[in-house]
Every structure is written in C-alpha cells, then in structure tokens.
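Tertiary structure, described
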Amino acid sequence: MKVVPLGAGQDVGRSCVLVTLGGKTIMFDCGMHMGYNDERRFPDFNYITTEGDFTSRIDAVVITHFHLDHCGALPHFTEQRGYHGPIYMTPPTKAICPILLEDFRKVAIERKGETGFFTSQHIKDCMKKVVPLHLHETVWVDDELELRAYYAGHVLGAAMVYARCGNESVVYTGDYNMTPDRHLGAAWIDKVRPDVLITETTYGTTIRDSKRSRERDFLEKVHRCVLRGGKVLIPCFALGRAQELCILIDSYWERMGLTVPVYFSAGLTEKANRYYKLFINWTNQKVKESFVNRNPFDFKYIKPWSRDYADLPGPMVVFATPGMLHIGMSLEVFRKWAPDERNMLIMPGYCVTGTVGAKVLSGMKVVEIDQYSQVQVNIDVQNLSFSAHADAKGIMELIRQASPRNVVLVHGEKSRMSYLKSKIMGEFGCPCYDPANGELLEIETGQDVRALMSDQLFQAAWAKEQERRQKSSAALDDSVVPAATPITQLPVRGVLLLGDGKRPARLLDPSEFDLNDVPVVSASGVEGDSVVSVDADESAPSSASDQVVFSTRRVFDGTELAERMGLSSSVDVAAAALLAIRELLLIDPATQPRDERVVGGKQASVVRVGRSIELSVPVKTAECDLPSLYVSWAWEEEELATKVLVVINRVLG
C-alpha cells in the first residue's frame, strides 16, 4: 500500500492524503492552509500529474467534514484543475460545505481583492459531483473498491472512513473527538483491523483535564471580565465550537441572571443552526431528547451582531468568526479591542502557524495584521482549549478500537508526532510512521488466502467444538442452566494446499492424504536449542540512564509458527524466530559472540540493533511457558525501531 500526504504531513492544515490500495487510488480530504495567501494554500496537485489528467489517476475523493482545512481546495481541484470523478461526503457535510466555501470566497475576492480564485458557479458545479455517504452504509465505488463511514464527533457530519479493495484496507480518521460534548457524541469504530490507520495528531502530546473543570474556568473568566467593565472576544468557527460555547454561555446567563449583552457575529451561524435542526440525528442523545420540547440551538440571550457595536461603551461578549484571527470579523474586532487591557481574548481552539491567533498565543505584544498595519496587544489573552480534536488518550483509544497493523500520523506538528510514535509502537507493537508532505510511504500488507474447506475437515472441527461445549456445561453446577449461544467462531486446524492458478487453494484434513508427499519449506541453519545473539555495536551502550526507553512484548503461537516454518518438534521455535528476524535484518551472527543477559527477570538471549534496540526471547521456564519476544528501544531510534517491528510482525504473523 502507498501513502503520500500532499498536505498535513508533519503540519496542521491543508489536509490531503493519497492512498493507493489494491490498485485503486483515493484522495482523502482536499483542504487549504489558512496560514498562506498564495499558491501554498493548496496541496501540491502536480505531485499526482503535471498533465492535468486527474480523473484517470484518482478513483475517488473522500471529504471527512466541512472545515476548510479539509475541503477548502475542492472546487479548485475539480473545476480549475479538472478532476471529474466521484466525491464522497456525508449529507450534513454536503449541505454545509458550500456555505463555508462561498463565505470564504467572498472574503478572499471582495475584501482582499484576490484574483484567480474559484467562483460561486465553481462551488455549485463541484457539489453536483458529490455522492452521499451515510453512516455504516457500504458504498461501492466500483466492483472492487468499497467505502464505509463511522461517526467521528468533532463537528456535525464528521466521519471516519474505512476503505477496502481486494485484500488491502485503510481507515482515514480525518478530525475526530473521543470525548462527548454538549451537542455531539464521541467517535467510535468497529474492530475492522485495517492494514493501515491514518490518524490526526493535532493534540498528540496533550492530555486534557476534565471537561467540567474547563467549562467552569471559561465561565469564571468571562464573568470576571464583564464585571470589571471589559469586553470579551471569543474567536471561533461558525460551526462546532460555536454551538458548544453558545449553549454553555446561554445556560450560564440564565442561571446567573446576567444582563450583559452577548452577540454572535455571523449571519452564517443562523444558517448553521438550521442545519443542526435538520440533522438532529447526528447530535448526542441529550440534544435529541430535549429537541422535542425545546430547540437547544434557539438561544435566549445571544443576539445577532452589528459592526457598529464594536465601538459601544460598556461590557459585552462577542463570538466572532473565524477562530484563528486570520481574516473576517474576529480580526476586525481584535484590531479595535486589543490595545485595552480591560478586555479579554479567549482562544478556544488550535491556531495554525502564521495566523494572527498563533502570533498572539506565542506572547507577541506587537502583531502585524498585514503588510500595512500592526496592533499593540494589551488585551488579556487566555488559551482555554475547547478544541474538538482527540487528545493523546483519545488517539490511543481509537487505535485500540480499530486494531490496525500499521499506523500513519498526519495533521500534527513533527515535534508532537515524534513522542506519540514511540508510545504507539510500545503499547501496540505495530509500526508507526509520520511522513512529510510529498514523502512516499510504501507499507507492506499481508494478504488473506481464500481456500475451499473440505467437508471432512469442517465436520471434524464442528464435532470438536460441540464436544468442548458439552464438557464446559457438564462442569457447571446442576442448578445453573447455561444459555444457548450460537457458534460464531470455529477454530480449524488443517493443511493448506495452495492453488496453481487453475485450481483454488484447499484446506484439508491431514487424514485425507499422505503428509509425506506434501513438500514443505524447511528452516536452514536452526539446530536444536541454538540461540542467536548479535551486537551491532559492542562499544556503544544500549541505553543511557537519561534516555526515554520504550518496550513492547509479543506473545505468539509457537505451534502455528512451527507449522508455518516447517520446523520439527525438536527445534526451539523461539530460536528459529530470532534467526529468521536476524536474517531479514541482514545481521551476520558469525561475526558476533553470544550475549546472555537477564531481561524481565528471566534468563534471555538478546539481539541488539543500532545503539539501543534490543530483541530478547526468554528461555522457557515454569513461570513463562509461552513463547514471547521483548523489544525495547530509545526514543532517538524510533525510525529504526519501526523497521525492526515490521520485520518482527512479518515473522511472527
């Protein structure tokens, strides 16, 4: 499988990832970078082709949600660059996406005077190519490529997408939130076990405090500011955090009996709230239940904003779009209120590098608004994260749910990805990658073998399972009546005869033929209880006391591995696995001495790779009778550790 980020590779913004699986190519998201105003705002589509024939090279485009950093370049790609293939997105995304695109187009052309931008007609023509993708519905792009959407939280209509073609599969998360909030539920996915999981890492090293404490802190800061006569500016995007914070403020104003005016600066939000009413089934259960009696998006204390209000005296609270202070009303209000120290700026979400919001959060006291003007920042700046992105715990939880064979990190800063990579490899024992924009990542995927099972083997396995269940029932107390459960999984042990192209592969009972006539692959170089031990650099210590060291433990089926490798019963399976790993890593055991050490409280042999990576297979004892493999590495060698884990998984299965 091939993965290439055209955007959001070791960066936040301009999400666009190309994935080729089973001979089909999917473009996941097609966003723009909010920190640029030139051609760098769009993904580098010339990577795909310089001839403009995108339709023949891309089988489908999938948009996960309506934020512009995920869909903002779509009209440019379809109408100006010439892609005419299918585009898939959920119904709420299809409804809201053109509204945001048109709003951004007006700002870019009418206020900034940009030329060559996509037009209103381009947006309409682009939306005609969209095919709705409903939750949990399997959509076939063609006879081989299938798509399925899962609930992602984050914003209304956001979805994670599972794609499968032939024997290869991938899950692309887009942006997601594993924590339910006041109007949306938490993301979740089936245990689909994809070959590759591509996940966002915006907050990959952050573990947030409780939602309740964040809400209390937010309301207290707002209340203190208006009591001292200050104005509160809350930049946010029109959909998502805006509804979350408006619900919070509206209920607090009612509870406290406050009369300070609260405004929302976008007529866009009135349209947005209409769509929340239309797609109420995408919200959480509490909103659905209260919707019967009262629409939670009809706010009692929040009124529409007018530009003239910015110069009025007295306290007020203003929600203004967009959330990064890079254009629009939020930047206009900030310019007027920033010099007054009584006022407060609350940044509730992430700001891309290069935006005014990012500059303010970094502590700059004089900020350039554009090449012609700058502003003195005396306003009280507060960064209270209400971002609807998964934090480090949420990312690990999603990986646990999906159980992928490989993980690819995108939509995050390189510094945050690095530590998370080693945490993922250590906890799940799977390779993890963080490619940069334009970097081709080729991931070897395992292939399923489809075989016809003989009646004799199936009947034998069925009878064995029935016998096991009868013994389990007999062991119970007579007063306990076991519940009748269907047999949904059936362990089968047989011999696989691979086909020759004309005949399919067959799974047979050993009694159906003479095993001596079946050729098997023998393991060369494995004798008795021999144990391989290699040290790539005897002079360098494997890990220093001040290094961050990660480790993982792989327990494997020794019987299955012995059968797969064609080993006799006298051969040590663990030693054979270590030898196979050594051969694939191109380590020469003849030039290195045996190195016995105590690892994990058991006598073990250790294979060292690089300066810090150690592979150890404990000698079987009464306390540890299952074959297992320990792997440890220092944070600094995570790239090499990823390659080692790929080899280990290839050998152990």
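All residue numbers refer to positions counted from 1 along the written sequence of the respective chain. Two thresholds apply to this predicted model, a pLDDT of at least 70 for residue-level local features and 80 or more for giving and counting side-chain atom pairs, whereas whole-chain, interface and lining totals are computed over all residues. Side-chain metrics in this entry use all non-hydrogen atoms of the structure; hydrogen atoms and water are not considered.

Going by an unreviewed UniProt entry, the protein chain carries the name Integrator complex subunit 11 and comes from Coemansia furcata.

**As for the sheet that holds strand β25 (residues 505–508)**
Pairing between two strands is assigned when DSSP locates at least 2 bridges connecting them. Strands are runs of DSSP state E lasting at least two residues, helices are runs of H or I lasting at least four, and both sets are numbered from the N terminus onward. An order of β23-β25-β24 is seen for the 3 strands of this open sheet, with the pairing classed as mixed. Lying at the two open borders of the sheet, with one neighbouring strand each, are β23 (451–453) and β24 (495–497). The mean angle between the axes of side-by-side strands here comes to 25 degrees, regardless of whether they run parallel or antiparallel. Taken together, the 3 bridges between β24 and β25 define a ladder with antiparallel strand orientation. Looking at β25, one finds that Val495 is bridged to Leu508. For helices, the axis comes from a line fit to the C-alpha atoms of the stretch in contact; other axes are also lines fit to C-alpha atoms, and the angle between any two N-to-C directions lies between 0 and 180 degrees.

**Describing the nonpolar core**
The definition of a nonpolar core used throughout is a set of buried Ala, Val, Leu, Ile, Met, Phe, Trp, Tyr and Cys residues joined through side-chain atoms within 4.5 Å. The cut-offs for exposure are 20% and 50% of the maximum accessible area for each residue type, with area from a 1.4 Å probe on protein chains only; residues under the lower value are buried, those over the upper are exposed, and the others partly exposed. Counting 164 residues, the largest nonpolar core has Met27, Phe218, Phe319, Phe334 and Leu615 as its most contacted members. In this analysis, two residues are considered to be in contact whenever any of their non-hydrogen atoms come within 4.5 Å of each other. Setting aside chain neighbours within four positions, we find Met27 in contact with Cys16, Val17, Leu18, Phe45, Ile48, Ile58, Ala60, Val61, Val62 and Phe77. Counting 28 residues, the second-largest nonpolar core is a separate cluster that includes Phe28, Val196, Tyr433 and Ile443.

**Some remarks on the sheet that holds strand β11 (residues 196–200)**
The strand order across the open sheet formed by 7 strands is β7-β8-β9-β10-β11-β20-β21, and the pairing between neighbours is mixed. Single-partner strands in this sheet number two, and they are β7 (138–140) and β21 (432–433). In terms of strand pairing, β11 meets strand β20 (residues 406–410) through 5 bridges, oriented parallel. What sits directly across from Glu200, in β20, is Val410. Across the sheet, helix α12 (residues 414–428) lies against β20 and β21, angled at about 165 degrees from β20, the strand it touches most.

**Describing the environment of Ser632**
Structurally, Ser632 can be placed in strand β30 (residues 628–634). Sequence spacing of Ser632 and Glu614 is 18 residues, and the spatial spacing of their C-alpha atoms is 5.3 Å. Dropping the residues within four chain positions of it, Ser632 is found in contact with Val549, Phe550, Ser551, Ser612, Ile613 and Glu614.

**Concerning helix α4 (residues 120–127)**
Note that an α-helix has 3.6 residues per turn; residues three or four places apart therefore point the same way. Along α4, the residues classified as buried are Ile123, Cys126 and Met127. All buried residues of α4 lie within an arc of 95 degrees about the axis, which places them on one face of the element. Directions are taken from the helix axis to each C-beta atom, and the arc is the one they span.

**Digging into the pattern of salt bridges**
What counts as a salt bridge is simple: a side-chain nitrogen of Lys or Arg found within 4 Å of a carboxyl oxygen of Asp or Glu. One pass over the full model with this rule turns up 26 salt bridges. Salt-bridge contacts for Lys421 lead to Asp434; the nearest nitrogen and oxygen are separated by 3.3 Å. Taken together, the positions of Lys421 in helix α12 and Asp434 in the loop between β21 and β22 (441–442) put the pair 13 residues apart, joining distant regions of the chain. Per residue, the accessibility class of Lys421 equals that of Asp434, and both read buried. For Arg564, the salt bridge identified is with Glu560, shortest N-O distance 3.1 Å. Of the two residues, Arg564 and Glu560 both sit in helix α14 (residues 558–565), 4 residues apart, roughly one turn of that helix.

**Overview of unusual backbone geometry**
Glycine aside, residues mostly have negative phi angles, and peptide bonds mostly take the trans form. For the bond running from Thr321 to Pro322, omega is -5 degrees, close enough to zero to count as cis. Mapped onto the elements, Pro322 comes out in the loop between β15 (316–320) and α9 (328–337). For Gln10, which is not glycine, the phi dihedral falls at a positive 55 degrees. The residue Gln10 is located in the loop between β1 (2–7) and β2 (16–21) in this model.

**What about the packing of helix α11 (residues 392–402) against α12?**
Two elements in contact, α11 and α12, have axes separated by 11 Å at closest approach and are oriented at 40 degrees. The handedness of the crossing between α11 and α12 comes out as right-handed. In this structure, α11 uses Ile395, Met396, Ile399 and Arg400 to contact α12, whose residues at the interface are Leu420, Lys423, Ile424, Glu427 and Phe428. Note on residue classes: Ala, Val, Leu, Ile, Met, Phe, Trp, Tyr, Cys and Pro are nonpolar, Asp, Glu, Lys and Arg are charged, and everything else, Gly too, is polar. Residues that form the contact of α11 with α12 fall into these classes: 6 nonpolar, no polar and 3 charged. Take the far helix as the reference: if the near one is turned anticlockwise from it by less than a right angle, the crossing is left-handed, and if turned clockwise, right-handed.

**Remarks on the environment of Phe550**
Structurally, Phe550 is set in strand β26 (residues 549–555). Under the relative-accessibility criterion, Phe550 is labelled buried at 8%. Placed 128 residues apart in sequence, Phe550 and Ser422 show a C-alpha to C-alpha distance of 6.7 Å. Excluding residues within four positions of it along the chain, Phe550 makes contact with Tyr419, Ser422, Lys423, Val631, Ser632, Trp633 and Trp635.

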